[in-house]
Amino acid sequence: MTLREPGIFTVDTVAGELSGAGTRYRKTLGDLEGLYEDKAAFDHLRAQRGADAVMYEVTDHKPSSDAGDMIIGVTRMIPGKVGREYFLTRGHIHAKADRPEMYYGEAGHGLMLLESPEGEVRVIEMRPRTVCYVPPFWIHRSVNVGAQDLVMTFAYPADSGQDYDIIAKAGGMRQRIVDDGAGGWTAIDNASW
Ligand code: S6P
Ligand code: ZN
């Protein structure tokens, strides 16, 4: 049996990253084309900020992709809206769909939008010290409904993988998170689903 070294990392809630983590990737505005309901608002934002504007970034520690191992990391999302719709992550189901996940709120105010294979939708409000359990088989997407960066720590089995096509094929998730007109949020049916 090969043993791995224990690791220690620091969640930097200001920078919104897992300091000392090995890998980092960013999703830009250009990467998120087609996900928002208001195409004209999306094009306008892209013309303003550029397709390379970073919308969210992930720093994580991936010791391996072995079953029984674990990936830990931090997601940081900037605040804002495309039209009336709050900034979101691409969202996915785990490629090994029976793998769960844990999210822990570090900073900001966000939502975890969850959808089951039977089409049930759940919204978990994320604030500092909120723990969200994402059960096996649920599609999950993060949404920043606050005025600051949303920072969350996550952990999931290392052999989970991510399947993004499930959302693309369905025309998105069943619901969208939009401004309720008073600066809060509300979930509405996705007309293109
Ligand atoms: C992976 C886990 C997170 C997300 C990250 C970005 O299973 O849920 O690391 O990858 O929050 O979201 P997305 O939907 O672009 O992968
Ligand atoms: Zn996940």
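In this text, all values refer to a predicted model and were calculated from it rather than measured experimentally.

Caption draft 1: Broad picture of the site of ligand 1. Contacts to ligand 1 come from 16 residues, most closely from Tyr56, Gly91, Glu101, Tyr103 and Tyr164. Measuring from an oxygen atom of ligand 1, one finds a side-chain N or O atom of Thr75 at 2.8 Å. A distance of 2.9 Å separates an oxygen atom of ligand 1 from a polar atom in the side chain of Gln162. Protein burial of ligand 1: of its 390 Å² of free accessible surface, 99% is covered by the chains.

Caption draft 2: Layout of the coordination of the zinc ion (ligand 2). Looking at the metal site, the zinc ion (ligand 2) is ligated by His92 (NE2), His94 (NE2), Glu101 (OE) and His140 (NE2), spaced 2.1 to 2.3 Å from it. One can describe the site at the zinc ion (ligand 2) as irregular: its 6 donor atoms subtend angles covering 74 to 174° at the metal. Sequence spacing of the donor residues for the zinc ion (ligand 2), all on one chain, is H-x1-H-x6-E-x38-H. Note that Glu101 is positioned in strand E9 (residues 101–107) and His140 in strand E13 (residues 139–144), a separation of 39 residues in sequence. For the pair Glu101 and His140, one class covers both residues: buried.

Caption draft 3: Representation of the packing of aromatic side chains in the model. Across all of its chains, the model carries 3 aromatic pairs by this definition. Centre to centre, the rings of Tyr103 and Phe154 are 6.1 Å apart; their planes meet at 55°, and the pair counts as tilted. Of this pair, Tyr103 sits in strand E9 while Phe154 sits in strand E14 (residues 150–157); the two residues are 51 residues apart in sequence, bridging distant segments of the chain. Assigned by exposure class, Tyr103 and Phe154 land together as buried. Seen from their ring centres, Phe154 and Tyr156 are 5.8 Å apart, and the 35° between their planes marks the pair as tilted. Judged by its relative accessible area of 4%, Phe154 falls in the buried class. Classification of Tyr156 as buried rests on a relative accessible area of 7%. Ring pairs connect the aromatic residues Tyr103, Phe154 and Tyr156, which therefore count as one cluster. A cation over an aromatic ring shows up here: Arg90 above the ring of Tyr164, its NZ or CZ 3.8 Å from the ring centre.

Criteria and thresholds
Residues numbered from 1 in each chain as written. Chains lettered and ligands numbered in written order. Predicted model: local features only at pLDDT ≥ 70, side-chain atom pairs only at ≥ 80, totals over all residues. Heavy atoms only, no water. Near = heavy atom within 4 Å. Polar contact = N/O pair within 3.5 Å; in protein donor to acceptor, adjacent residues only side chain to side chain. Areas by Shrake-Rupley, 256 points an atom, 1.4 Å probe, with all protein chains shown as cover. Donors = N, O, S within 2.8 Å, 3.2 Å for Na, K, Ca; no water. Tetrahedral: all angles 85-135°; square planar, octahedral: opposite > 155°, others 65-115°. Helix = DSSP H or I, 4+ residues; strand = E, 2+ residues; numbered from the N terminus. Buried < 20%, exposed > 50% of the residue type's maximum accessible area, 1.4 Å probe, protein only. Phe/Tyr/Trp six-rings, centres within 6.5 Å; stacked < 30°, edge-to-face > 60°. Lys NZ or Arg CZ within 6 Å of the ring centre and 35° of its normal.

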